Structures are given as C-alpha cells and as structure tokens.
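# Breakdown of the fold
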Amino acid sequence: MSTDRDTTRIVRSWLRTEENESADHVLGTVLDRLDTTPQRRATAWPAWRFSEMSTLAKLATAGAAVVVLVVAGAAFLLGREDIGVEASAEPSASVTEAEPTDEAVPSASASDGVGAPVPGEFTVCVPGNSPLRAGTDEQLLVPHPEGDMTVERTRGYTWAGTHSATDDRFSGTHYYSWDGDVYTLASGDDGARVSAESLRIENEDGAWQGSGASADLPDGTSGSSPLVMTGEGTYEGLTAVLLWVDGPCFLDLRGIVTEFPDPPVPATSP
Amino acid sequence: MDTDLVVRAQRGDREAYADLAFCIADRFLAVARRILRDIDLAEDATQQALLSIWQDLPQLRDPARFEAWSYRILLRACYAEGRKQRRWAPNLRLLPADEPTRGDGMSSVVDRDQLEGGFRRLSFDHRAVVVLHHYLDLPIDRVAELLGIPVGTAHSRLHYAMRGLRAALDADARSTTQEAAR
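Once a new chain begins, its residue numbering starts again from 1 and follows that chain's sequence as written. Going through the entries in the order they are written, you letter the chains from A and number the ligands from 1. Given that the model is predicted, a residue must reach a pLDDT of at least 70 before its local features are reported, and side-chain atom pairs must reach 80 or more before they are shown or counted; all residues, however, enter totals for whole chains, interfaces and linings.

Moving on: the overall build of chain A. Along its length, chain A carries five helices and 11 strands. Taking the intrachain contacts of chain A between residues at least 6 apart in sequence as the baseline, contacts between residues at least 24 apart amount to 50%. We count a stretch as a helix when DSSP gives it H or I for four or more residues in a row; a strand needs E for two or more, and each element gets its number in order from the N terminus. A residue pair is marked as a contact if its C-beta atoms, positioned from the backbone, fall within 7 Å.

See the structure below:
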C-alpha cells in the first residue's frame, strides 16, 4: 500500500513529466480575432456573473434593477428622505442621504464611470483573514440510482477581522461564516453545489446581521441571493441589501440601505 | 506580471495585450491540458480564456490582481469545455512496455494508467486544486484565492482528490500482487 508521501511524489512527477505543447498557434488565432472582438467596457455588474444566471434570474435581476432605479430616482427627484437612512439613536430616525466616507474604497459605479451612486448606496471591501474558527470538512456517500454520489460537506468555518466601507455604518468588525455542500456524481461529473453564508458587522453604534445562499445546478444554472442584513442598535429599523460583485477583496459587496424594519411577513388571512 | 502592461491592455493597447498573452499562454495551455486531459479541449479552453481576458480586462478594477483574475477565467473556460464533453475519449500517451523504471517516482507505465484513470474520475473542482497545488506549486491558501473558495474547502478538495489517486494506485498494486500469487 502506498503512503500519502508516495502518492504525492508520484502525482507531482506524473504532472510534471507530461509533455508540454506550445501555445503559439492558439495565441496566433486569438491575436487574429482581436479585430473582431471588442472589449467590454467596465460595468458595475461583472459580465461573468450575469452570464452564469438563468434567463429567469436575468429577467428578475433586470426587473429588480429597474424597480430600484425608478424608486430611488423618484425619491431623489421628489425630495423624499426615506432612502439612505442616517445612523441615529432613535429607530424612527429622520433620514438623510448617505454620505460616502471612505475614499480608500471607492464606489464601483462611481469608479467605473457608470454614474453616481444612488442615495443609500455603499461598497464594502472585506480583506482576506485567517479563519477565526476552523470548521469541519467531511465526505459523505449519498445513494443515487446511477451510483453513489459523494458530498463534500464544509461546516462552521468563520472568518473575522476589521474592514472598511464607503458608508461608515458598515465599517467595523466583521464575522463571516460559510457552509457548503458539493455533490459529485459517481462518474466524477459535478452534481450540484449549494452554500449558505452569514455576515455580521459590528461597530460602536450597532450591528448588522444577514445571510444569503447560492446554488449551482449540474446543467450550469446558478444563482446567488444577496445578503439581506437587518440593523441592530442605532441601526434598528433599517435593512441593507448587499450584492456580490467582482473585486480585489476577499468579499466584495455593493449594497443599498433603506428603511424596512424587517423583510415583510406575508399575511395568511384576508 | 507587469502591471503597466495590464493597464495598457485594459485601455485597448493590442501590443500590450499580445505581450501579456505571450507571457501566459504556454502556462495556461499546460494547466488546461492537465485539468481536462485532452489537448484539443485544452487548446479550446486556452483560446476562450485568452479572448475573455481581452474582452473583460476593462472590468478588472485592480491590475495587480491580474494573475489571480486570469486564472479564474481559465478555470471557468476549462469547466465550460469539460461540460461540453462529459464522456471522455481516451487520451493516453502510452510509453513503450520495456521503458525502464524511472528514478523520479513514476515507477511504471501502469502507474500512469492508474493515475490517468483515477484523475479522470475526479470532478473538475478537484482536478483544479491538484494541478494548481502540485503542478504550479501554489500554496493552498493561494489556490483557495484563485478558485474563490475558503481555504478549508481547498484543503478538503485536495485531501479528497489525493485519497482518490492513492486508491487508484493501491488498486493497481493489489491486482499486481494477486496476479503474482497465481
């Protein structure tokens, strides 16, 4: 029986002694196609993230974006003050436009030249940190008609540290945890992936806590929900919706804060 | 990587992009081939990745992060190519049967066959971790960063993959022992 060390040595040797072809003709083809391949200008929403979404999700996202822009624009034009609630000691605080405060982390939309952020919009950059608490990783077998599936189950890893945001109410100490299941078919093909995460941000005025989830299905359909965070302390009565965006940080988020006390609960009687 | 080249390529400078692509193309092809186990698929993935890099460069906000960003694009291209061909055609480069035993840990052609079979049974996620760690020599936290996954998950995938490859090698050792005993 081989040892782990033997296996590592053999695998490394196997990978390194394989033949390496030159990529010259691939490169030639690519350079020939540059004339007919325009660059995509910078946008706030990364193209790859959008392209991985299902048609339904794209429609929903586009619809939601239109609704957000219409509501925000109307509120801005009509001089309403209930978007971008400023921190206050009172839950029913008077409301003003949020002011970006940390120039070190510019708003993606502003930096990309797409347009000024709407009132209440902010950007969060959480740098990479070592885990505060190591979680567990285990492999399980799940019965499947075409052969047992393997599930890699990750639970309980938590990261913590300090971070900055363009809105000071979202700067402070963060605690981020992530759980995930990765299903692999007996054939070795990807089965599905599902994960859930929670983020808590604390500072001297209060805290925010929320969670989200994502799933990748075997046919390539995938999607991530935003983090919906509710305020505590002086932020009580506020809700922030944070979207995942591409960027240089461990967690890159753009969000908008508004005055929902909590996500609404559907009525169950007339 | 020269960030000045990246910035110039972001602004549409084709010469800068060509220099950038020249620096990474061979390594991209080598990584793609090792993950996909097929040179044609690897070339398609490399080509698609290089074109995507050109198209999406203006969206890269931090040019200093070009390397990690570009590897993520390559890995996505590998996944996409791999999905196109769920059933793998054999692509073994069999060595002569009388090839002497090597002193570098590759004891036999049989080892290669077993590793090839074991590796093909791994998912792309697992293959990517093995190739980035054992071929490119990247530490596991860097692998996690490139793949956009927690370090614990990268460790877990590497452990699972190596266990599978070890099982493939051990299966061969068992069958050889049984044949010798007959």
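Here we come to the packing of helix H2 (residues 14-36) of chain B against helix H3 (residues 39-56) of chain B. Residue and element names in this part refer to chain B. Interaxial distance between H2 and H3 falls to 8 Å at its minimum, and their mutual angle equals 145°. As H2 packs across H3, the resulting crossing turns out to be right-handed. Along its contact with H2, which presents Tyr17, Ala21, Ala25, Phe28, Leu29, Ala32, Arg33 and Leu36, the element H3 presents Ile39, Leu41, Ala42, Glu43, Ala45, Thr46, Ala49, Leu50 and Trp54. Here the contact of H2 with H3 is built from residues that sort into 14 nonpolar, one polar and two charged. Each axis is a line fitted through C-alpha atoms, taken for helices only over the stretch in contact, and angles between the N-to-C directions span 0 to 180 degrees. By convention the crossing between two helices is left-handed if the near helix lies anticlockwise of the far one by an angle smaller than a right angle, and right-handed if it lies clockwise. The residue classification treats Ala, Val, Leu, Ile, Met, Phe, Trp, Tyr, Cys and Pro as nonpolar and Asp, Glu, Lys and Arg as charged. All others, Gly included, are polar.

When pLDDT drops low, the exact placement of atoms in the prediction is not to be read closely. Residue and element names in this part refer to chain B. Along the chain, pLDDT gives the predictor's confidence residue by residue, from 0 to 100. Averaged over every residue, the pLDDT of chain B is 79; residues scoring 70 or more account for 78%. Ranking the helices and strands of chain B by mean pLDDT puts H2 first, with 94, and helix H8 (residues 151-181) last, with 74. Scored below 50 in pLDDT, residues 86-105 shows 18 contacts in the model against residues more than four places distant or in partner chains.

Before going further, it helps to spend a moment on unusual backbone geometry. Residues and elements named next belong to chain B. For Arg37, which is not glycine, the phi dihedral falls at a positive 60°. Looking at the secondary structure, you find Arg37 in the loop between H2 and H3. At Asp137, a position not held by glycine, the phi torsion is positive, near 65°. Inspection of the secondary structure puts Asp137 in the loop between helix H6 (124-135) and helix H7 (140-147).

All names here are of chain B. Burial in this document is a count-based property: other C-beta atoms within 10 Å of a residue's C-beta are tallied, and the residue is buried at 20 or more, exposed at 12 or fewer, or partly exposed in between, with C-beta positions derived from the backbone. All of the buried residues along helix H1 (residues 3-10) are Val6, Ala9 and Gln10. All buried residues of H1 lie within an arc of 105° about the axis, which places them on one face of the element. Positive backbone phi, at 95°, marks Gly12, one or two positions downstream of H1. Starting at the helix axis, one direction is taken to each C-beta atom, and the arc is that of these directions.

Two elements in contact, helix H2 (residues 24-33) of chain A and H3(B), have axes separated by 9 Å at closest approach and are oriented at 35°. Crossing of H2(A) against H3(B): the hand is right-handed. Of the residues in H3(B), those touching H2(A) at Val26(A), Thr29(A), Val30(A) and Arg33(A) are Glu43(B), Thr46(B), Gln47(B), Leu50(B) and Leu51(B).

Before going further, it helps to examine the pairing of strand E11 (residues 251-258) of chain A. Residue and element names in this part refer to chain A. With seven of eight residues buried, E11 lies mostly within the body of the structure. One requirement defines pairing of two strands: DSSP has to find at least two bridges between them. As judged from the six bridges shared by strand E1 (residues 121-126) and E11, these two strands associate in the antiparallel manner. Bridge pairing in E11 places Phe122 opposite Gly255. Inspection of the sheet shows strand E10 (residues 239-244) paired to E11 by six bridges, in the antiparallel sense. Its bridge partner being in E11, Ala240 is matched across the sheet by Val257.

Our next topic: the environment of Thr173(A). All names here are of chain A. On the secondary structure map, Thr173 appears in strand E5 (residues 172-184). Separated by 13 residues in sequence, Thr173 and Ala160 place their C-alpha atoms 7.1 Å apart. Not counting chain neighbours up to four residues away, the residues in contact with Thr173 comprise Ala160, Thr162 and Glu202.

We now examine H7(B). Residue and element names in this part refer to chain B. Listed in full, the buried residues belonging to H7 are Val143, Ala144 and Leu146. One side of H7 carries all its buried residues, which in axial view fall inside an arc of 160°. Count one or two residues on from H7 and you reach Gly148, which has phi positive near 70°.

Residue and element names in this part refer to chain A. As paired strands, strand E3 (residues 136-142) and strand E4 (residues 149-165) are joined by seven bridges and run antiparallel to one another. Directly across from Thr136, in E4, lies its bridge partner Arg155. The turn linking E3 back onto E4 is made up of six residues, and Gly147 within it adopts a positive phi angle of 115°.

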